[in-house]
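Residue-level structure breakdown
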Amino acid sequence: MKPVVVLVGRPNVGKSTLFNALTRTRQALVADLPGLTRDRQYGDGRVGGRPYLVVDTGGIVSEHDPLTALVATQTRLALAEADAVICVVDGREGPNPDDFLIASQLRALNRRLCLAVNKTEGMDNELAVAEFHALGLGRPHAIAATHNRGLDALMQAALQGFPPENPEPPAGTGMRIALAGRPNVGKSTLANALLGEERVVVSDLPGTTRDSIHIPFSRNGKEYVLIDTAGVRRRSHITDPLERHSVAKTLQAVDEAQVVLLVFDAREEVSEQDVTLAGHILAQGRSLVLVVNKWEGLDAARREWIRRELVRRLPFLSFARPHFISALEGLHIGPLFPAMERAYRSGGRTLPTPELNRILRAAIAATPPPIVRGRRIKPKFIHQGGKYPPRVIVHGNLVSETPDAWRRYLGQRVREHFRLEGTPVEVEFREGDNPFAGRSQKAPTARDEAKRRRLKRFRKAHYD
């Protein structure tokens, strides 16, 4: 299971910049304004092959006003689910009274603590961190988040002592299936329906499930591990201290799973939390099955409305066919198992190179790539570069300029040709440097012309 690393500190010390550097994204909003971050922000990082979950928080200050109190509440919730805490301070301003206040609060936690002295670019490391020993948080680490300096050493210190990631399933063997979604959409009821017994506590109260539960079971001679999770809902709505772990636990369960059942409530609209969670599942490359629960008793107009909502709010999940069920009454539960098997097999499918190149040529003939700076983008060769999810790599001239629309179009052609279900297709374009750039052009010799003709015949015989 990935350890959870939480970033804390007073405002404008560079926590969000550090978050973006650790996750290699621009997920957190960054500006030279204090108090910009208010909610918790979750992201994935990796150091030395060791993955972790990093959480960005708002700044902690000694002032008291309603907004500051809400931000502080979000930070306390993040600290409660942390395995390690990184306190970020400003190396150019020196220790601040708020830094000492934060340090005293962190020392009371039973968590691994690390001190990151940020904004030390152009400074001597020893001099930059000298004053911060007074905070009592151990040896300070001089970093420059903007320039990605000192981050590996910082994270290795923060993760020291944690057991290495275990690639094996935590309990049982077989396909690992995670149930994800907002609270009270029927995940635990669906878990009981899949298991065929009342194995998980079910209640109409949201938040009944507090932790991720791993349940090994078998069906038709096949082994599975079902992971029931706590629901993910808007962080500002989390008031129960026992519910504070739900977000991190759900994201960790998604990371452990091979197939995720994303559960929706047919009686409610598709919310922003549903879209965010779906995006995280997609980013992790997990096979996905959409499940719309509580389908019983709905009229035709409502059923058509929810179908349109799924298409409108989740256009990036067009590869996943929704299943409309009633977990409470056990309606249409059986087809979920074949759907999960198809999604898992699609994620690990081998895509032969000759077929991929035929698809590429057909795609170019039907819809050629656009012209960039007066030159046509020319994809020339395609091959598979990975699985779970399937990834294809396209080589050619100017392919790095390929627009996202044509990338999605090619991925759709590949998915339709191989009938892949429940898994995205990642398309990567690679454009190599011209080894003859800058060299003077020479007139071709007779030997060069003969070689060119042989190469042309070879390509026509094997690729045309």
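Further up the page is the structure itself.
Residues numbered from 1 in each chain as written. Predicted model: local features only at pLDDT ≥ 70, side-chain atom pairs only at ≥ 80, totals over all residues. Heavy atoms only, no water.

**Some details on the side chain of Asn 118**
One can find Asn 118 in strand E5 (residues 112-118). Reaching out from Asn 118, the side chain makes a polar contact with the backbone oxygen of Val 13 at a distance of 3.0 Å. Contacts of Asn 118, omitting those with residues within four sequence positions, involve Val 13, Gly 14, Val 88, Val 89, Asp 90, Gly 91, Arg 92, Ile 143, Ala 144 and Ala 145. (Helix = DSSP H or I, 4+ residues; strand = E, 2+ residues; numbered from the N terminus. Polar contact = N/O pair within 3.5 Å; in protein donor to acceptor, adjacent residues only side chain to side chain. Contact = heavy atoms within 4.5 Å.)

**A short note on the packing of helix H1 (residues 15-23) against helix H5 (residues 151-158)**
In the contact formed by H1 and H5, the axes pass within 11 Å of each other and the chain directions differ by 90°. With respect to each other, H1 and H5 are oriented roughly perpendicular. On H5, the residues that touch Leu 18, Ala 21 and Leu 22 of H1 are Leu 151, Leu 154 and Met 155. Looking at the contact of H1 with H5, its residues break down into six nonpolar, no polar and no charged. (Axes fitted to C-alpha atoms, helices over the stretch in contact; angles between N-to-C directions. Parallel < 35°, antiparallel > 145°, perpendicular 65-115°, else oblique. Nonpolar A, V, L, I, M, F, W, Y, C, P; charged D, E, K, R; others polar.)

**Quick notes on a positive patch on the surface**
On the surface, a cluster of positive charge is contributed by Arg 447, Lys 451, Arg 453, Arg 454 and Arg 457. Note that Lys 451 resides in helix H13 (residues 446-463). A relative accessible area of 56% means that Lys 451 is categorised as exposed. (Patch = residues over 30% accessible without salt bridge, like charges linked within 9 Å, V, L, I, M, F, W, Y side chains within 5 Å. Areas by Shrake-Rupley, 256 points an atom, 1.4 Å probe, with all protein chains shown as cover. Salt bridge = Lys/Arg side-chain N within 4 Å of Asp/Glu carboxyl O. Lys, Arg positive; Asp, Glu negative; His and termini not counted. Charge placed at Lys NZ, Arg CZ, Asp CG, Glu CD. Buried < 20%, exposed > 50% of the residue type's maximum accessible area, 1.4 Å probe, protein only.)

**Re the sheet that holds strand E2 (residues 41-47)**
Spatially, the six strands line up as an open sheet ordered E2-E3-E1-E4-E5-E6, and their pairing is mixed. Across the chains shown, the open sheet's two edge strands, defined by having one partner strand only, are E2 and strand E6 (140-142). Strand after strand, the sheet turns through a mean of 30° between neighbouring axes, direction not considered. Both strand E1 (residues 4-8) and strand E4 (residues 84-90) contribute to a ladder of four bridges, which runs parallel. Residue pairing for E4: Leu 7 is matched across the bridge by Ile 86. Seen against the sheet, H5 touches E1, E2, strand E3 (50-56), E4, E5 and E6 and runs at an angle of roughly 165° to E5. (Pairing = 2+ DSSP bridges.)

**Quick notes on the sheet that holds strand E16 (residues 391-397)**
An order of E15-E16-E17 is seen for the three strands of this open sheet, with the pairing classed as mixed. The open sheet has two edge strands, strand E15 (378-386) and strand E17 (426-430), and neither has a second partner. Recorded for the sheet is a direction-independent mean angle of 25° between the axes of neighbouring strands. In the sheet, E16 pairs with E17 via five bridges, with the strands oriented parallel. Paired with Arg 391 across the two strands is Glu 426, which belongs to E17. Relative to the sheet, helix H11 (residues 353-366) contacts E15 and E16, its axis offset from that of E15 by approximately 140°.

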